Amino acid sequence: MPALARSYTERPVPDGLQAWPGVPDLLRKIYAARGIASEQELDLALARLLDPKLLLNADLAAARLAAAIEGQQRILIVGDFDADGATSTVLLMAALRDFGALNVDFLVPNRFEYGYGLTEKIVDLARTKTPDLIVTVDNGISSINGVALAKTYGIDVVITDHHLPGDRLPAADVIVNPNQPGCSFPSKHLAGVGVSFYLMLALRSFLRDVDYFEEKNIEEPKLVNYLDLVALGTVADVVPLDHNNRILVAAGIRRIRQGLACPGVLELLRVGKRDPERLVASDLAFSAGPRLNAAGRLDDMTIGIECLRAQSLSQAAVFAAELDGMNRERQRIERAMQLDAERLMVGIEAALESAAGPSALVLFEPHWHQGVVGILASRVKEKMDLPVFAFASADDGVLKGSGRSVPGLHLRDTLEIIARQHPDILQRFGGHAMAAGVSLAYEHLATFREAFEQAVRRQRPAASGSVLITDGVLPPELLDLQTARQLREGGPWGQNFTEPLFDGDFDLIDQKIVGERHLKLRVRHPDAPEALDAIAFSIDTKQWPANEVKSVRMAYRLDVNHFRGVERLQLVVEDLIAQ
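Described in the following lines is the structure provided in the data block. (Residues numbered from 1 in each chain as written. Predicted model: local features only at pLDDT ≥ 70, side-chain atom pairs only at ≥ 80, totals over all residues. Heavy atoms only, no water.)

### Considering the pairing of strand β15 (residues 531-536)
Consecutive side chains along a regular strand alternate between the two faces of the sheet.
Okay, so step 1: Taking burial as the measure, the six residues of β15 include five buried ones, the bulk of the element.
Okay, so step 2: Looking at chain direction, strand β14 (residues 518-524) and β15 are connected through six bridges and run antiparallel. Looking at β15, one finds that Lys-520 is bridged to Ile-535.
Okay, so step 3: The loop that links β14 with its antiparallel partner β15 comprises six residues.
Okay, so step 4: Judged from the four bridges that link them, β15 and strand β17 (residues 566-578) form a sheet pairing that is parallel. Within β17, the position partnered with Ala-536 by the bridge is Val-573. (Buried < 20%, exposed > 50% of the residue type's maximum accessible area, 1.4 Å probe, protein only. Helix = DSSP H or I, 4+ residues; strand = E, 2+ residues; numbered from the N terminus. Pairing = 2+ DSSP bridges.)

Written as structure tokens, this is what we have:
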């Protein structure tokens, strides 16, 4: 999808940068612009992790799991159908078995048949497995009816989730969620897999205190073994990378680089043509994560879970190849939906230049794939810099929508506002600040579109439109491989801790299309003698290459291109404007 022509503004940097030993000046500026105020916030050692005792009810959930392990009760993990849910499910299954549980199984709903969360349908399906205890991962905080039904069947329920709760909480035996009322856990941004990891930390501490490991002659599980899963799920779920999450992701990346990841993660990286030894967070975000998510988007996340559970590379390779094929099919579907979206938005781009332009977008086509509307919403949001909901048809006249937001607009809270104003139109909704989902009847779509537009306009009256925030102009002496390496290792970068992005004017020396939709460039800084390689992915081939263009303004990231053992500087172009 072609990008809008943008203006660039430099991210503000606080006055009086501190001198942190060993941190280059450029990185100090970048860190300060992202809110880093002390050297301690750059310490990503595991010892800096927040204490599990701070997570409300983690001790109670640990005690219930300990009782289930001691009594060899049947534990059923009910996961979600995305990468966060898959990694959470695999982590809990593996860790509980390491703790000595013998009866652990999982159930992950097919999104097209059962919908999201611990629904009544899922509880009825779960009942066939005769569990004594259901543990939800990455879902459950909104499952009022499902939890109630499970309790009538005599099944205990422990909810672990990270999504924002509604006005009512389910009547579960225990709820572990950093965002529930009364929880003072300092980091509200744990992914579902992060909550699962913290629960296992609490369980290990509980069993240690009651001398369980000595009495059972069991070696204490090394929970660092699961940090590759934590890193993958955290990055793929696009939660903000606060200090605590950066510690978790950095630790997981270290293990993957050392070859200590599970076979499934290694094979997902291999089919995505990423080198585990040189892994950065973006490799998880744009390679392993999408392939894992493809299973839940198009079919059943069971395939993804089995990939991550595989005990050998050869076994994992079979599942990874299947996931890779699913991802290619997802990309095909997505491209077709993007063309539809472009047709729907004819005239919107021009309207954005006026005060009467839209503050938000609600898009729908009857034939759209409900497993791909979230990606479509994300693509349109990136292009238009507006909050977006994209809808697809489900069953019986119901539409299922996925939304993506922009900084400054809390999407889940916006849905809450709409639900209060129009109590009859939203059947289900949930999510968090930047992403949310909603179900409604087709006849309510127009009302939702108007209500969403009004709610966004009240909260964000002056949309930033075509302004792209960068880290400013990079002097030519820093356009080198050393700077690119420093930035690469300066992360992990991700949501709310964005990878450094620079802007500048360049002479355009050469341009050509590679791989169907990517524009390979040779550019030169006006004040430097050497030409530089650059690439713009998924370019609008109707506009580029443009042989008459001899200079460009662009926003770009510095990257290290590693090919046949040789490292070279490469500029990854995020926005390109002909001069």
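What follows picks up the thread again.
### Some details on the nonpolar core
Okay, so step 1: One finds Leu-96, Met-200, Leu-203, Leu-284, Leu-308, Leu-558 and Leu-571 to be the most contacted residues of the largest nonpolar core, which totals 124 residues.
Okay, so step 2: In terms of residue count, helix α6 (residues 192-209) provides more of this core than any other element does, ten residues in total.
Okay, so step 3: If near-sequence neighbours (up to four positions away) are discounted, Leu-558 is found in contact with Leu-474, Leu-478, Leu-479, Thr-483, Ala-484, Leu-487, Glu-499, Phe-502, Leu-569, Gln-570 and Leu-571.
Okay, so step 4: Core analysis: the second largest hydrophobic core is formed by 22 residues, Phe-364, Leu-415, Leu-426 and Ala-455 among them. (Core = buried A, V, L, I, M, F, W, Y, C linked by side-chain atoms within 4.5 Å. Contact = heavy atoms within 4.5 Å.)

### Description of the packing of aromatic side chains
Okay, so step 1: By the definition in use, this model includes 14 aromatic pairs.
Okay, so step 2: Consider the rings of Tyr-212 and Phe-213, whose centres lie 5.5 Å apart with planes at 80 degrees: the pair is edge-to-face.
Okay, so step 3: On the basis of relative accessible area, Phe-213 is assigned to the buried category, the value being 7%.
Okay, so step 4: With 6.1 Å between their ring centres and 45 degrees between their planes, Phe-502 and Tyr-556 make a pair best called tilted. Pair noted here: Phe-502 is in strand β13 (residues 502-514) and Tyr-556 is in strand β16 (residues 551-563), with a separation of 54 residues, a long-range link. The pair formed by Phe-502 and Tyr-556 is uniform in burial state, with each residue classed as buried.
Okay, so step 5: In textbook terms, an aromatic cluster arises when at least three aromatic residues are bridged by ring pairs, as seen for Phe-389, Phe-391, Phe-448 and Phe-452. (Phe/Tyr/Trp six-rings, centres within 6.5 Å; stacked < 30°, edge-to-face > 60°.)

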